[in-house]
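If you want the building blocks of each chain, they are given just below.
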Amino acid sequence: MKKKLIAGNWKMNGSSASNEALLQALLAGSANWQCQVAVCVPAPYLAQVQRLVAGSGIELGAQDVSQHGAGAFTGEVSADMLKDFGTRYCLVGHSERRQYHGETDAVVVAKAQRALAAGITPVVCVGETLAEREAGRTEEVVKRQLAAAIHTIGHCISEIVVAYEPVWAIGTGKTASPEEAQQVHAVLRAQLRAATEHADRVHILYGGSMNAANAAQLLAQADIDGGLVGGASLKAIDFLSIIAAAH
Ligand code: PEP
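Residues take numbers from 1 onward in each chain, read along the sequence in its written order. For a predicted model such as this one, the threshold for reporting local features is a pLDDT of at least 70, and the threshold for listing and counting side-chain atom pairs is 80 or more; totals across whole chains, interfaces and linings nevertheless cover every residue. Only hydrogens and water are set aside when side-chain values are computed; all heavy atoms of the structure are taken into account.

1. Observations regarding the pattern of salt bridges
Condition: Note on definitions: salt bridges are taken to be side-chain nitrogens of Lys or Arg within 4 Å of carboxyl oxygens of Asp or Glu. Here a helix means four or more residues in a row that DSSP labels H or I, a strand means two or more in a row labelled E, and each is numbered from the N terminus. Here's how the labels work: a residue is buried when its accessible area is under 20% of the maximum for its type, exposed when over 50%, partly exposed in between, all with a 1.4 Å probe on protein chains only.
Evaluated as defined, the whole model comprises 15 salt bridges. The residue arginine 88 makes a salt bridge to glutamate 59 at a minimum N-O spacing of 3.3 Å. Taken as a pair, arginine 88 in the loop between α3 (79–84) and β4 (89–92) and glutamate 59 in strand β3 (residues 58–62) lie far apart in primary sequence, 29 residues in all. Note on arginine 88: relative accessible area 30%, which makes it partly exposed. With its nearest N and O atoms 2.7 Å apart, the salt bridge here joins glutamate 128 to arginine 133. Given the relative accessible area of 22%, arginine 133 is considered partly exposed. Three or more residues are tied together by salt bridges with common partners; here these are Lys2, Arg189, Asp223 and Asp225.

2. Some details on the nonpolar core
Stated precisely, the cut-off is as follows: Residue types Ala, Val, Leu, Ile, Met, Phe, Trp, Tyr and Cys, when buried and joined through side-chain atoms within 4.5 Å, form a set referred to as a nonpolar core. It only takes one pair of heavy atoms within 4.5 Å for two residues to be counted as in contact.
Counting 65 residues, the largest nonpolar core has Ile6, Leu23, Val49, Val162, Leu188 and Tyr206 as the members making the most contacts within it. For this core, the element with the highest residue contribution is helix α7 (residues 138–153), accounting for six residues. Look past the residues within four positions of leucine 23 in its chain and what remains in contact with it is Trp10, Val39, Val49, Leu52, Val53 and Ile58. Core analysis: the second largest hydrophobic core is formed by 12 residues, Leu5, Tyr89, Val161 and Leu205 among them.

3. Examining the site of the ligand
Selection rule: Working definition: residue near molecule or strand if any one of its non-hydrogen atoms lies within 4 Å of it. Whenever a nitrogen or oxygen atom comes within 3.5 Å of another N or O atom, the pair is scored as a polar contact, on the condition that within protein one atom can donate a hydrogen and the other can accept it, and that pairs from neighbouring residues in sequence are kept only if both atoms are in side chains. Areas reported as accessible are Shrake-Rupley estimates using a 1.4 Å probe. Residue values count occlusion only from the protein chains shown. Side-chain classes are defined by residue name, with Ala, Val, Leu, Ile, Met, Phe, Trp, Tyr, Cys and Pro counting as nonpolar, Asp, Glu, Lys and Arg as charged, and the others, Gly among them, as polar.
As a matter of local geometry, the ligand sits amid 14 residues, with Lys11, Glu165, Gly171, Ser209 and Gly230 nearest to it. Between the ligand and asparagine 9, the relevant distance is 3.1 Å, taken from an oxygen atom to a side-chain nitrogen or oxygen of the residue. The separation between an oxygen atom of the ligand and a polar main-chain atom of glycine 171 is 2.6 Å. With the chains in place, 95% of the 290 Å² that the ligand exposes on its own is no longer accessible. Of the residues in the shell around the ligand, the class split is four nonpolar, eight polar and two charged.

Right, dumping it as structure tokens:
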């Protein structure tokens, strides 16, 4: 059975000093981890975090990647650059990127392809807004988002990680109930099964106000293979509790 994956998304938070303190506290608590752990850090800190986690049980992740390979794209960071710093995972299509930067499904899958080509595992984020959920469109929306990735990535789809993050649960303190989350994860698993015989290898993470109190119940669901954790990944004690719940 595959190990669960707990990935922290630091978003636009941190400083050299606070990153070091957080990682030292996590590493001090890392002796008996039963799951895979990653931290997705702001790009300027990739080198620092690469150095601090070298040889440990924590893997390095980025939060975004350019859809382009190289060239005149001021401010962008390419997949090859991320790889240069030992990046193992890269979030693509986080709802904050879709919402504030207008990223479409086509852009998101182009980013996922760039990551894969560089040997980085894209964590493809999908999820419905509150209005979409209330209109009964949750399945349609997440299936459309995942279908875009399946269509473009083809048989390599088993090389990605999927993160189901209901937009209404991100940073709001509202969590999907374990049953609500499992229902959507099962839909995503079925869609992956129709696309690849290796669907069960794919980690499908839940994200959206996961915390020390609700992690165990969410992670106990059949198709929840880990968590993508925002706010609670910034506090070592909370992130360590979530990691401890993942076995
Ligand atoms: C996220 O940013 O991916 C996330 C799930 O945030 P939070 O845990 O704070 O809701």
